[in-house]
Amino acid sequence: PESLLFHFMSAECFQHLYCVSFLAAADGLGSIAIDTTQLNMSVTDPTAWATAMNNLGMVPVGLAGQQLVTDSICVPGFDPSLSMMTGITPINPMIPGMGLVPPPPPTDVPVVKEIIHCKSCTLFPPNPNLPPPSTRERPPGCKTVFVGGLPENATEEIIQEVFEQCGDITAIRKSKKNFCHIRFAEEFMVDKAIYLSGYRMRLGSSTDKKDSGRLHVDFAQARDDFYEWECKQRMLAREERHRRKMEEDRLRPPSPPAIMHYSEHEAALLAEKLKDDSKFSEAITVLLTWIERGEVNRRSANQFYSMVQSANSHVRRLMNEKAAHEQEMEQAKESFKNALTGILTQFEQIVAVFNASTRQKAWDHFSKAQRKNIDIWRKHSEELRNAHSEQLMGIRREEEMEMSDDDSGDNPSKKLRVDDSALAAQAYALKEENDSLRWQLDAYRNEVELLKQEKGQLFRTEESLTKDQQLQFLQQTMQGMQQQLLSIQEELNNKKSELEQAKEEQTHTQAMLKVLQEQLKSAKELAEINGHDESQANEINVLTVALVNQDREKNSEKRSPGLKSEKEALLIGIISTFLHVHPFGANIEYLWSYMQQLDSRISANEIEMLLMRLPRMFKQEFTGVGATLEKRWKFCAFEGIKTI
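Residues numbered from 1 in each chain as written. Predicted model: local features only at pLDDT ≥ 70, side-chain atom pairs only at ≥ 80, totals over all residues. Heavy atoms only, no water.

Q: Explain the overall build of the protein chain here, please?
A: Looking only at helices and strands, the protein chain features 19 helices and 10 strands. In the structure as shown, the protein chain presents an accessible area of about 45300 Å², 56% of it carried by carbon and sulfur atoms. (Helix = DSSP H or I, 4+ residues; strand = E, 2+ residues; numbered from the N terminus. Areas by Shrake-Rupley, 256 points an atom, 1.4 Å probe, with all protein chains shown as cover.)

Rendered as structure tokens:
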């Protein structure tokens, strides 16, 4: 009776079943592979029949009610008696891979889940108004899922019965705390298992809490999955490297042929190849390699010289080929110039046609749009004509310059290129032969000198030669070390003298400061006791400052520093001008505030150090008494000139 499930349906119900199969696939059930054996139920149970047919969206057979899907949605032209007449078994729309399931719906369409019946349990869908269950981030190569919320009485057989609809299960690891881990054979099966998340699972028809639970299916991170994924990635990387290597090998230029080693037989063959014009390029490469390897010795020098002479004989041939190519280039230039002249003539004619069309006799008869097009065409033609005429004039100027160079005769290389007569070629050949004979004579002379030197050096042993070389090397090293020691001593003496001078200056300045402090104290005491006026105090300050300036002038004459950069020279010129227009002097703050407007990075200390380095140009004076004591700088360069 279970195999006759669909045969008991009427034709109208089968049509509704066919239509609802498309709707169920659109709702997302098409991605779940449910076996037909799991959908069978007892025919004698009317409650089960009503539930199943109500889920399919049709009115159950023999029951009153309104169908959920109208006939307009169903496939038009469907013949319900087709299966009865042909004897074809009715198609279960839930069977995966039958081609009746349309492509999955877009993501923005909400998925409507249905009740799923199994042999040992029933899965009830969650409330569609609730948000979808949350899942963790999918690990790479995930084939294992975590299933929580299982009923307490659920066994591994029931779990396998429910989840084997999603695909082949390789392992189930069940825990005593109502959860388990299921590992599938492929990754896409995990997506089908995630679809069951949120369903309420009830074992049989029991209402006990231990027989029901809400499933929570999520991705699980398993080491086996990650290891297989890494192996797969490494295999893909190896394939990619192999593919790239094959591509590089295919695109790599072929290696040059290996060059044979030198021997007298190979040298004779190479000499014959050097005389052949077609094999000259290959032979000259071999000759160059042999010479660079150091195959030339006293025994093979004559043979190599003959090969070099054969290579030199090709110079004349190459010059003739160059002259022939230059003649061809001149002919091509001439033909190009003639063609360009013809094109320019035609451009002139076209421009003349446009100019004639723009005259009043013909221009008045054209429409506004025609006049605009004619004007555009005329401008474009004039631009092209001007460009071609400039190109032609450039070619003519180049020819004139070449002719003037040939007439002047200053360049011997061009004279040789132009002169192609037989007399010039013969003179060049005689010159080459003369040069080759002269080089051969020089080689023989060098060999004779070498033989003489070898005969004279036979009396000296190898030990004496090595000793002489060692002595020369030691003498050179000693001389170098002596020079280094002398230079180091000179630097040390200079440093010592500079250090002594600095110490003397420091002691002298300290003594002067002490004397000045004592004089100032005595002057203040006298001013307080005797009540002297400010003019006397100023005179005392001026005298003390003059003494300090004289001391600084002496020290500066000893050190005689110079200007270090162009910036210091510029600062000295600006400061001199500023102090010259202030005859009574200016303090360092006033001077620094003026210089800040010109250069914001300069500091007052830098200006004061620069003024102290030049005592012949700038002098420092103290004015005032007590709290009104002020230090001012004055420009005194002209006073030194007047005294001279």
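Next comes the rest of the description.
Q: Just checking my understanding: could you explain the UniProt feature "coiled-coil region" (unreviewed entry) in the protein chain for this structure?
A: The sites that UniProt annotates as "coiled-coil region" (unreviewed entry) are residues 308-335 and 427-519. Secondary structure content for residues 308-335 is 100% helix and 0% strand, and the end C-alpha separation is 41 Å. (UniProt positions renumbered as here; feature names shortened; annotations may be inferred.)

Q: Which parts of the structure should I look at to understand the sheet that holds strand β6 (residues 200-203)?
A: Remark on secondary structure: sheet strands pair via backbone hydrogen bonds, oriented parallel or antiparallel. Ordered by their spatial adjacency, 4 strands build an open sheet running β1-β2-β6-β7, and the pairing between neighbours is antiparallel. What marks the edges here is a single partner per strand, and that holds for β1 (116-117) and β7 (212-214). In this structure, β1 lies alongside strand β2 (residues 121-124), joined through 2 bridges in antiparallel fashion. Paired with H117 across the bridge in β2 is T122. (Pairing = 2+ DSSP bridges.)

Q: Which parts of the structure should I look at to understand the pattern of salt bridges?
A: Summed over the entire model, instances satisfying the criterion amount to 24 salt bridges. R317 serves as the salt-bridge partner of E321, at 2.9 Å between the closest nitrogen and oxygen. One end of the pair, E321, and the other, R317, are both in helix α9 (residues 301-357), 4 residues apart, so they sit about a helical turn from each other. One salt bridge connects E348 with R385, and the closest N-O pair in it is separated by 3.5 Å. Placement of E348 in helix α9 and of R385 in helix α11 (residues 368-408) is noted, with a sequence separation of 37 residues between them. Overlapping salt bridges bring together K143, R183, D225 and E228 as one network. (Salt bridge = Lys/Arg side-chain N within 4 Å of Asp/Glu carboxyl O.)

Q: I keep staring at the sheet that holds strand β8 (residues 216-219) and nothing clicks. Help me out?
A: The 4 strands lie next to each other as β4-β5-β3-β8, forming an open sheet whose pairing is antiparallel. Whereas interior strands pair on both sides, the edge strands pair on one side only; in this sheet they are β4 (169-174) and β8. When strand polarity is set aside, the average angle formed by the axes of neighbouring strands in this sheet is 20°. Strand contacts of helix α4 (residues 156-163): β3 (144-148), β4, β5 (179-184) and β8, with the helix running at about 140° to β4, the strand carrying the most contacts. (Axes fitted to C-alpha atoms, helices over the stretch in contact; angles between N-to-C directions. Contact = heavy atoms within 4.5 Å.)

Q: Just checking my understanding: could you explain the environment of P126 for this structure?
A: Along the chain, P126 falls in the loop between β2 and β3. Taking relative accessible area as the criterion, P126 reaches 22% and is therefore assigned partly exposed. For the pair P126 and Y199, spaced 73 residues apart in sequence, the C-alpha to C-alpha distance is 5.4 Å. (Buried < 20%, exposed > 50% of the residue type's maximum accessible area, 1.4 Å probe, protein only.)

Q: Looking at this structure, I do not really get a nonpolar patch on the surface. What am I missing?
A: A cluster of nonpolar side chains, I291, V296 and V308, forms an exposed patch at the surface whose accessible area comes to about 220 Å². Among the structural elements, I291 can be located in helix α8 (residues 280-293). (Patch = residues over 30% accessible without salt bridge, like charges linked within 9 Å, V, L, I, M, F, W, Y side chains within 5 Å.)

Q: Just to check I follow, could you spell out the environment of S263 for this structure?
A: In this structure, S263 sits in the loop between α6 (223-251) and α7 (264-275). Taking the relative accessible area as the measure of exposure, S263 reaches 28% and is therefore partly exposed. For S263 and S300, which are 37 residues apart along the polypeptide, the C-alpha to C-alpha distance reads 9.7 Å. From its side chain, S263 meets the backbone nitrogen of E266 in a polar contact 3.2 Å long. (Polar contact = N/O pair within 3.5 Å; in protein donor to acceptor, adjacent residues only side chain to side chain.)

Q: In this structure, what is going on with α8? I would like to understand it.
A: Each full turn of the α-helix corresponds to 3.6 residues, which orients residues three or four apart in the same direction. Taking 1.5 Å per residue as the helical rise, α8 with its 14 residues ought to reach 20 Å, and the 20 Å between its terminal C-alpha atoms agrees with that figure. All of the buried residues along α8 are F280, A283, V286, L287, T289 and W290. Contact partners of the buried residues in α8: α7 and α9. Positive phi appears at G294, one or two residues downstream of α8, with a value of about 90°. (Expected span 1.5 Å × (residues − 1).)

Q: Where do I start with the nonpolar core in this structure?
A: Side chains that are nonpolar tend, in soluble globular proteins, to be buried together. By size, the foremost hydrophobic cluster in this structure holds 29 residues, and its most contacted members are V147, F163, I182, F184, L196 and M201. Residue assignment for this core shows that the elements contributing at least two residues are β2, β3, α4, β5, α5 (188-194), β6 and β8. With near-sequence residues (within four places) excluded, I182 lies in contact with K143, T144, V145, V147, I159, F163, I169, A171 and I172. Judged by nonpolar contacts, the second largest core, of 18 residues, contains I572, L591, M595 and W633. (Core = buried A, V, L, I, M, F, W, Y, C linked by side-chain atoms within 4.5 Å.)

Q: What exactly am I supposed to notice about the pairing of β5 here?
A: Regular strands show a simple pattern: their side chains alternate between the two faces of the sheet. Note that β3 and β5 share 5 bridges and pair antiparallel. Each residue of the ladder has a partner; that of G148, found in β5, is F179. Pairing of β4 with β5 involves 5 bridges; the strand directions are antiparallel. Across the sheet, the residue bridging to K174 is C180, located in β5.

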